[in-house]
Amino acid sequence: MTSVLKTIAAALLAATAFCAHANAETVLRLDESPVGELDPAKASDYADSILMYNVYDTLVIPKQGQPGYDPFLATSFETTDGKNYTFKLRTDVKFQSGNPLTADDVVFSFERMKALGQGLSYLFENVEKAEAVDPATVKFTLKEVYAPFISALTRLPIVDKALVVQNLGEGDGEMKDWGQVYLSTHAAGSGAYRIVSHNPQEETVMAKNPDFFLKVPAAAPDTVRLRYGLEAATVRTLIAQGEHEISSQWLPPEVLKSLAADGAQLLTEKGTTEFYIKLNTAKPPFDDVECRLAVSYAFDYESGVRMVAVTDQVSQGSPATGALPVGMLGALSGEPMKRDVEKAKEHLAKCKYKPEEMKIDLTWIGEVPLEERFALLMQANFSEIGLKAEVKKLPWALFTEQVAKPENTPAISQIFVNTMSGDPDSLLYTMYHSSAAGTWMSPEHLKDAEVDALLEKGRTTLDEAERAKVYEEANKRLIAIAPSIFAQDQTAVFAASSKVSVPALSDPSKAFALAGFGFTFRLMEMKQ
């Protein structure tokens, strides 16, 4: 009898231990560049996007594994003329406060973003107004036909109006500060994850929202710790020790290669970002198109791609065919950009400035060490055609300040730019339309009437096939006038432990054509 009791007791203990293991909290730890902006009206960077996609929801989301958009907080949407859009809303959505989602919240979110005028508010500059037709219906009226409107809505997180109004800070007018102080450290969303704590320079901690309207799968991480600004050596050590699950995309290729050799999986995101070497077209020597073409042909594109290779199968870059990443609407399908030293010399000979007269400051962003390698590559490439360039390290904060004025903008700078909404408009218009000059995305200060006209046409053409042709023409024009060197299409590569499965970043049929959306935590799976 004693032996039987001992056997039963042992079985019960084993079962209890199994259940405790099965029910143990899962924690996903990852990192990105600082800072983590939590206010939906101000968020714009990659880390911010990860926060928005998980803490807040939008009317539409990108389709998985294909182009286009699906209703999300909306059940349907329609337009008859490309200027008036009507959305029917779900009636089963509650914010994390417990307040129900209504059309008033959608209107408030739009008006708040427009009033603050920061972050990605420029995506809605063509929207005249939003109005609640009834609690479950919202209507947007546009100033003119604006083809990218639906894609822009992926970047309009819907906030809990009642909660924000209860937490207004000091300020003028009825809405005072529009809740800016409150939303800098608190969330007012309906997303699959809620904020536990938030330090924009160090770490944001999130936990599953048990009341999410679609229900968060049990296998998704229970807690997420998004860390900011970790050094590459620190990330490498943490992953090797099993104390970190996913790295940022900014690890040097040799670190990624080492982690892969140690058993880490390599996750990838492509088709949303390109690496641009920006030329200041507003001052010598790159106010002369011949000089711009000279350095465009002098750049060694193939070496640039090899420089960021991680393994034989995975690289942080692939050959670019022009101003849009391959696979995006309007991207060119022909030959990739190639070096041609003889053509470079021919164009340089036509430039109105003599090589010895040219002052070329070739800058790289201090927070992105990889850019120094490209700066040194360009310095060597340009010297082969008789151009001297001085390599300079520039902190991001100083760079964004300097580019506001063309006279202070470096001759050459380097930027990774991703499409903020998945549409080519949010990439090209914000870089190359003359109205965009002077932002961090547009240090070229380009003013070209033909480019402006094509980009404006792209906004007012509703037919997808016609839009593709417009952006192809814009692409060709940009290659011809070379305001940038289209260095390579970026593939974001993340090292990850085997404890996490991320289908959106490992299976092309489940990928999203929106930068960062692959980090939707509810679609991930944690392994015990």
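Rules used throughout
Residues numbered from 1 in each chain as written. Predicted model: local features only at pLDDT ≥ 70, side-chain atom pairs only at ≥ 80, totals over all residues. Heavy atoms only, no water. Helix = DSSP H or I, 4+ residues; strand = E, 2+ residues; numbered from the N terminus. Rg over C-alpha atoms; globule rule 2.2 N^0.38 Å. Buried < 20%, exposed > 50% of the residue type's maximum accessible area, 1.4 Å probe, protein only. Contact = heavy atoms within 4.5 Å. Lys, Arg positive; Asp, Glu negative; His and termini not counted. Charge placed at Lys NZ, Arg CZ, Asp CG, Glu CD. Disulfide = S-S within 2.5 Å. Pairing = 2+ DSSP bridges. Axes fitted to C-alpha atoms, helices over the stretch in contact; angles between N-to-C directions. Phe/Tyr/Trp six-rings, centres within 6.5 Å; stacked < 30°, edge-to-face > 60°. Core = buried A, V, L, I, M, F, W, Y, C linked by side-chain atoms within 4.5 Å. pLDDT = per-residue confidence, 0-100.

### Some words on the overall build of the protein
Each helix and strand counted, the protein has 16 helices and 20 strands in total. Against the globule reference of 24 Å for 528 residues, the protein gives a C-alpha radius of gyration of 25 Å, in line with a compact fold. Taken along its principal axes, the extent of the C-alpha atoms in the protein is 100 × 60 × 45 Å. For the protein, buried positions account for 54% of its 528 residues. Considering only intrachain contacts with a sequence separation of at least 6, the fraction spanning at least 24 residues in the protein is 72%. Of note, the protein has its 52 positive side-chain charges centred 2 Å away from the centre of its 71 negative side-chain charges.

### Things to note about the state of the cysteines
For the coordinates displayed, the defined rule picks out zero disulfides. Here C291 stays unpaired: no disulfide links it, and the sulfur of C351, its closest cysteine neighbor, is 3.7 Å away. In this structure C291 comes out as buried when scored by relative accessible area, which is 0%.

### A word on the sheet that holds strand 7 (residues 137-142)
Two modes of strand pairing occur in sheets, parallel and antiparallel, and in both the strands are linked by backbone hydrogen bonds. Spatially, four strands are ordered 4-5-7-6 in an open sheet, and the strand pairing comes out antiparallel. The two strands at the open ends of the sheet, each matched to only one other strand, are strand 4 (74-79) and strand 6 (127-134). Adjacent strand axes in the sheet meet at a mean angle of 20 degrees when their direction is disregarded. Bridge count between strand 6 and strand 7: six bridges; the pairing is antiparallel. Counterpart to E131 in the pairing with strand 7 is K139. The strands that helix 3 (residues 103-116) touches are strand 5 (84-89), strand 6 and strand 7; relative to strand 6, the one it contacts most, it runs at about 165 degrees.

### Observations concerning the packing of aromatic side chains
The relation between two aromatic rings is expressed through the spacing of the ring centres and the mutual angle of the planes. Tallied over the entire structure, the rule returns 20 aromatic pairs. Taking the centre distance of 5.5 Å and the plane angle of 35 degrees together, the rings of F108 and W178 count as tilted. Of the two residues, F108 sits in helix 3 while W178 sits in the loop between helix 5 (161-165) and helix 6 (180-183), which places them 70 residues apart along the sequence. Across this residue pair, the class does not change: F108 and W178 are buried. For the ring pair F299 and Y301, a centre distance of 5.0 Å and an interplane angle of 90 degrees mean the geometry is edge-to-face. The same class applies to F299 as to Y301, namely buried. Grouping aromatic residues by their ring pairs yields a cluster made of F77, Y85, F87, F110, F140 and F149.

### Things to note about the nonpolar core
Nonpolar side chains tend to gather and get buried jointly when the protein is soluble and globular. Counting 85 residues, the largest nonpolar core has F87, F140 and I246 as the members making the most contacts within it. Beyond its immediate chain neighbours, meaning those up to four positions away, F87 contacts L59, V60, A74, S76, F77, A136, T137, V138, F140, F149, I150 and L153.

### With respect to the pairing of strand 5
Alternating residues of strand 5 divide into Y85, F87 and L89, all buried, and N84, T86 and K88, none buried. Looking at chain direction, strand 4 and strand 5 are connected through five bridges and run antiparallel. Bridge pairing links S76 to K88 in strand 5. The antiparallel hairpin formed by strand 4 and strand 5 contains four residues in its connecting segment, where G82 sits at a positive phi of about 80 degrees.

### A few points about the environment of V289
For V289, the position within the fold is in helix 9 (residues 289-298). A relative accessible area of 27% places V289 in the partly exposed class. Along the chain, V289 and H347 lie 58 residues apart, while their C-alpha atoms are 8.8 Å from each other. When neighbours within four sequence positions are excluded, V289 is seen to be in contact with A480 and I481.

### Brief notes about the sheet that holds strand 1 (residues 27-32)
Reading across from one edge, 1-10-9-8 is the order of the four strands in this open sheet, with mixed pairing throughout. Both outer strands of the open sheet, strand 1 and strand 8 (193-199), are each paired with one neighbouring strand and no more. Each strand of the sheet is rotated relative to its neighbour by a mean of 20 degrees, with strand direction disregarded. Two strands pair when backbone bridges link them, and strand 8 and strand 9 (residues 203-208) are joined in this way by six bridges, in the antiparallel orientation. Across the sheet, the residue bridging to H198 is T204, located in strand 9. Relative to the sheet, helix 2 (residues 46-55) contacts strand 1, strand 8, strand 9 and strand 10 (223-228), its axis offset from that of strand 10 by approximately 165 degrees.

### A closer look at the confidence of the model for the protein
For the protein, the average pLDDT comes to 94, and 96% of its residues sit at 70 or higher. Note on residues 4-22: pLDDT is under 50 here. Beyond four places in sequence and across chains, it has two contacts.

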